[in-house]
Amino acid sequence: MPARRKARKRALDVLYEADLRARPVAEVLTGYLQRLERPHPEHLGYAIGLIEGVAENQARINELIDSYAEGWTLDRMPVVDRNLARIAIYELLYVDEIDDAVAISEAVELARQMSTDDSPRFLNGLLGRIAEYATR
């Protein structure tokens, strides 16, 4: 698994736990880092950047999801999908060195591995619409 995909998976783990338990992301991240084996993997810095970036921009990211998720509300989405979308949207809007197509395809691939059969198509459409908005 490529390093950035591993970082996205780690970010998903933390954001998923925080979301599911209704705990602050910073608190969950601190506990996650304490449990993590040493030495820390090289991709951990990117994962932490994703986690902190999503947390700092979550209101805006959630607003975009609410606006562009046709027929879905944030609360109705599977927790995995909601957090994969948040990570990808953060990358689309705030991480210049990641191409939009890469951010979208990585979210779709993780959804294929970890979520429902409909999730990859749903995320691809949602993120495509947001990417189109972001490039305007």
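Just so we're clear, the structure is a prediction, and the values are computed from it rather than from any experiment. (Residues numbered from 1 in each chain as written. Predicted model: local features only at pLDDT ≥ 70, side-chain atom pairs only at ≥ 80, totals over all residues. Heavy atoms only, no water.)

Chemist: For this particular structure, what's the right way to read the overall build of the protein?
Modeler: From N to C terminus, the protein includes seven helices and zero strands. Expected size for 136 residues packed as a compact globule is a radius of gyration near 14 Å; at 14 Å, the protein falls within 12% of this value. With respect to the three principal axes, the spread of C-alpha positions in the protein is 40 × 30 × 30 Å. Counting across all 136 residues of the protein, residues that qualify as buried make up 46%. For the protein, contacts bridging at least 24 residues in sequence account for 70% of all contacts bridging at least 6. As displayed, the protein offers around 7,400 Å² of accessible surface, 47% of which is attributable to carbon and sulfur atoms. (Helix = DSSP H or I, 4+ residues; strand = E, 2+ residues; numbered from the N terminus. Rg over C-alpha atoms; globule rule 2.2 N^0.38 Å. Buried < 20%, exposed > 50% of the residue type's maximum accessible area, 1.4 Å probe, protein only. Contact = heavy atoms within 4.5 Å. Areas by Shrake-Rupley, 256 points an atom, 1.4 Å probe, with all protein chains shown as cover.)

Chemist: Any chance you could explain the confidence of the model for the protein here in plain terms?
Modeler: Regions with low pLDDT should not have their predicted coordinates read in detail. Confidence in the prediction of the protein, expressed as mean pLDDT, is 95, and 98% of residues score 70 or more. Summarising per-element confidence for the protein, the mean pLDDT is lowest in helix α7 (residues 119–134) (94) and highest in helix α3 (residues 44–56) (98). (pLDDT = per-residue confidence, 0-100.)

Chemist: Even after reading the chapter, I still don't get the environment of Asn 124, so can you show me in this structure?
Modeler: You can see Asn 124 is positioned in helix α7. Owing to a relative accessible area of 43%, Asn 124 belongs among the partly exposed residues under this scheme. The spacing of Asn 124 and Ala 101 is 23 residues in sequence and 9.9 Å in space, taken between C-alpha atoms. With near-sequence residues (within four places) excluded, Asn 124 lies in contact with Ile 104 and Val 108.

Chemist: How should the packing of helix α2 (residues 25–35) against α3 be read in this particular structure?
Modeler: Relative orientation and spacing of two packed helices are given, respectively, by the angle between their axes and the distance between those axes. Relative orientation of the contacting elements α2 and α3 amounts to 165°, with a least axis distance of 10 Å. In terms of orientation, α2 lies roughly antiparallel with respect to α3. Crossing of α2 against α3: the hand is right-handed. Each of Val 25, Leu 29 and Leu 33 in α2 lies in contact with α3, whose residues at this interface are Leu 44, Ile 48, Ile 51, Glu 52 and Ala 55. (Axes fitted to C-alpha atoms, helices over the stretch in contact; angles between N-to-C directions. Parallel < 35°, antiparallel > 145°, perpendicular 65-115°, else oblique. Left-handed = near helix turned anticlockwise from the far one by under 90°.)

Chemist: Explain the pattern of salt bridges here, please?
Modeler: Side-chain pairs of opposite charge can arise whenever the charged atoms involved come near each other. All told, the structure shown has 13 salt bridges when counted by the stated rule. Arg 8 is the partner of Glu 106 in a salt bridge, and the nearest nitrogen-oxygen pair spans 3.7 Å. Taken together, the residues span a long stretch of sequence, with Glu 106 in helix α6 (residues 100–114) and Arg 8 in helix α1 (residues 3–21) at a distance of 98 residues. The shortest N-O distance in the salt bridge between Glu 17 and Arg 21 comes to 3.9 Å. Of this pair, Glu 17 and Arg 21 both sit in helix α1, four residues apart, roughly one helical turn. Residue Glu 17 is classed as partly exposed on the basis of its relative accessible area, which comes to 23%. Note on Arg 21: relative accessible area 58%, which makes it exposed. (Salt bridge = Lys/Arg side-chain N within 4 Å of Asp/Glu carboxyl O.)

Chemist: Could you clarify how one ought to interpret the environment of Lys 9 in this entry?
Modeler: Examined against the element boundaries, Lys 9 turns out to sit in helix α1. Taking the C-alpha atoms as reference points, Lys 9 and Ala 107, 98 residues apart in sequence, are found 9.6 Å from one another. Apart from the residues within four sequence positions on either side, Lys 9 is in contact with Leu 110 and Met 114.

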